[in-house]
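Residues per chain are reported as follows:
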Amino acid sequence: MRIPGLSGSRSDDDDAVRTDGGVRTNRVSRLRSISESDFVRSMPYWFVPFVIMGFFVYGGIGWNLLVSLTDYTGFGSADYGDLDFEMYVQALSSPDVIAASRNTFVLLVVFTAVCLVLGLALAIVLDRQIRFKEQIQTIYLLPMALSFVVTAQFWLWMYNYNSGVINIILDAVGIGRIQFIGDPRFVLGAVIFALIWQFSGYTMIVYLSGLQSIPQDQFEAAATDGASTVKIYWRVIIPQLKSASVSAAVVLMIFALKAFTFLYSMFGTYRPPNGSDILATLMVRQAFKFQEWSYAAAVATLLLLMALVVIGPYLYYQYQRGSL
Amino acid sequence: MSRGTTDRTLFDRLPGFDLSRALLYLLILFFVAFFLVPLETGLMTAFKTTQGVTNTLPFFPPLGEAFTFQKWVDAFDMLGRGLVNSMVLTVPATLLCLLFGSTAAYGLTLINWRGQIFVLVLFLIGIFIPYQAVLVPLSRFWSMVPLEEWLSPLYVLSFVQPEHAQLVELIITDAAYGIPICTLLFRGYYLSLPGDLIEAAKLDGASVTSIYRRIVLPLSTPMIGVVFIYQFTQIWNEFLFTLTIVGSADSPAAPVTLILSGLGSSLSGVDFGMRMAGAFIAALPTLVIYVLFAEQFAEGLETGG
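Under an unreviewed UniProt entry, the name given to chain B is Sugar ABC transporter permease, and the organism recorded is Halococcus hamelinensis 100A6. Turning to chain B, the UniProt annotation filed under Sequence similarities (unreviewed entry) states: "Belongs to the binding-protein-dependent transport system permease family."

As recorded in an unreviewed UniProt entry, chain A goes by Sugar ABC transporter permease and comes from Halococcus hamelinensis 100A6. Its UniProt record gives chain A a comment under Sequence similarities (unreviewed entry), which states: "Belongs to the binding-protein-dependent transport system permease family." In its Subcellular location (unreviewed entry) section, the UniProt entry covering chain A states "Cell membrane".

A.B. asks: Can you tell me about the interface of chain B and chain A, naming the residues and giving the values?
C.D. replies: In many reports, interface size means the accessible area that the parts give up when they come together. On the chain A side, the residues contacting the 104 residues of chain B number 107 residues. With both sides pooled, the region where chain B packs onto chain A buries about 9600 Å², and carbon together with sulfur makes up 77% of that total. Across the contact surface, chain B and chain A share 0 salt bridges. Along the contact surface separating chain B from chain A lie 13 residue pairs in polar contact (both at pLDDT 80 or more). The element best represented in the side of chain B that touches chain A is helix H2 (residues 21-46) of chain B, accounting for 16 residues. Here the residues of the side of chain B that touches chain A sort into 73 nonpolar, 20 polar and 11 charged.

A.B. asks: Tell me about unusual backbone geometry, and name the residues and values.
C.D. replies: Residue and element names in this part refer to chain A. One non-glycine residue with positive phi stands out, namely Phe132, at about 55 degrees. Within the secondary structure, Phe132 is located in the loop between helix H5 (95-126) and helix H6 (133-145). Overall, the relative accessible area of 60% leaves Phe132 in the exposed class. Unlike most non-glycine residues, Gln291 shows phi in positive territory, near 55 degrees. Note that Gln291 resides in the loop between helix H14 (279-288) and helix H15 (293-320). Overall, the relative accessible area of 15% leaves Gln291 in the buried class.

A.B. asks: So what about the domain arrangement of chain B? Which residues, and what values?
C.D. replies: All names here are of chain B. Segmentation of chain B into domains returns domain 1 (17-67) and domain 2 (70-303). Between the C-alpha centres of domain 1 and domain 2 the distance comes to 33 Å. Counting residues at the interface gives 10 residues for domain 1, matched by 7 residues for domain 2. In this assembly, domain 1 packs against domain 2 so that about 630 Å² is buried in total across both faces, 73% of it on carbon and sulfur atoms. At the junction of domain 1 with domain 2, the criterion picks out 2 residue pairs in polar contact (both at pLDDT 80 or more). Those elements that provide at least two residues to the side of domain 1 that touches domain 2 are H2 and helix H3 (50-55).

A.B. asks: Would you mind going over the UniProt feature "transmembrane region" (unreviewed entry) in chain A in detail, with residue names and values included?
C.D. replies: The positions UniProt marks with the feature "transmembrane region" (unreviewed entry) are residues 45-66, 105-126, 138-158, 186-208, 244-267 and 293-317 of chain A. Here residues 186-208 of chain A is 96% helix and 0% strand, with 32 Å between the C-alpha atoms at its ends.

The rules behind each value
Residues numbered from 1 in each chain as written. Chains lettered and ligands numbered in written order. Predicted model: local features only at pLDDT ≥ 70, side-chain atom pairs only at ≥ 80, totals over all residues. Heavy atoms only, no water. UniProt positions renumbered as here; feature names shortened; annotations may be inferred. Contact = heavy atoms within 4.5 Å. Buried area = accessible area lost by both parts, 1.4 Å probe. Salt bridge = Lys/Arg side-chain N within 4 Å of Asp/Glu carboxyl O. Polar contact = N/O pair within 3.5 Å; in protein donor to acceptor, adjacent residues only side chain to side chain. Helix = DSSP H or I, 4+ residues; strand = E, 2+ residues; numbered from the N terminus. Nonpolar A, V, L, I, M, F, W, Y, C, P; charged D, E, K, R; others polar. Buried < 20%, exposed > 50% of the residue type's maximum accessible area, 1.4 Å probe, protein only. Domains from an automatic or database assignment.

So this is what it looks like as structure tokens:
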């Protein structure tokens, strides 16, 4: 019995009455039940989008894997007759790829962690009787409404050596100016800081809706027990935000892997400054600047694997909780 | 609302926070500044002459001789073509996403069959994959499809050039990769629809199609708004596919994002006044949507990310 499906229509009931007949009726009714099954009836709705999406997503991934096994470079066409893992060996032993992987990892971890902590702090602060709460929330979320292409321009200006706001502040407090974009020691940090500026409003929104779903009496019960505010949050409230944290972290990590657009728009070239190259920029550069298609495809596969390491457990976790 | 009224008394009773109300507002104010300074600086800079940009503090308003409107005019001259291209590509791509996302969500939610979780997971993975993983095939694929030839009858129109075939390629590409997230957004909403309404319709013998048209679609108007806003913003801002398919900012088909990333830069450096004005012009449609529909925007983010 399919649970609340669309199966209980009148013709099915008629069949049920008549199925004490011979093999023939059985076969007819079985055929009918297949043709009217929910699978078939739902087909017209999901199948067309599925084919379009599947062609571009899974067709693309498959083709990319295939290209990564060839030696395809330049402007000709690929030779699919001679497949090997040479490009993966080359990629994994390249110092550029290793440096880019390290940068990707640092970006992923620092960006995600700081966004979560800052977003939670902002949500806790705003989850109070605050004047102009709506307006403040709108301001905090405003950077999120802008695209990487746009925010990259603002931050390029913010980090400008002579006239950028950050350097003016640093100068004023006596630290002195820093070449944020020219200095490999600082450029990745500068990019991460800008991304945190853009995305902590997003985690705030996620946490805020999580906080608002926690019943008020839990605060009160804990407060009457004499627990301090910090303790109430640490022991009672934050553990309940686990699923909100997991979802937000996954979304942030995926954004971090996609930070290509930010880096490209900020510097306007395929080659970001030394110290800020990530796998995503390296891949695009190898493909569209140097036409090293199969090498780029191999790097893309590595990037895809990193993403799957994040998504796989997440989807499984969601499935276990029954929220798929 | 009941929460709001208890909040204040509770807040006062919480130990250790009695004095801190002023501090709290100070903190809030600090972050208001933190989030606004880059935008405010950009806006002020956009109204300054090149002299003004170098001579005044970046976040100070443009006064006297430093003020000019010229940068906006220049930036608009450069971006005008891109704005048209972006609009031509974003609206149809968004509508395609809405159509396919909504039907896919319906087919995978309100009709029960066992395989749907598996199909759904395939959709979900499509949301999260880094697009680098399909970029090489994508560029190969579109170089193999002779779309430019197929559209050649259109070139009699004076404003259509062969390069504009790239816009059609972008529409299809953006729509295809937007389907998964739209499916997820619609599915979340459909799961929350009152089940008994649909049950009742089923008992009356309504077909799958008529339930969709008569019940689900009318009920999903608010969600259509949310998804439209979310997806419009996404596609308007899209960059990676645009770079791959259109490539050059000089192309007649270049959308606004592509032109912006090199705007006002020359050997002598970047004209920041013009760059900032350009950034605001490029962001304008999405900013208007954000200000008008902040609530729906936040809702789309909460579920979609």
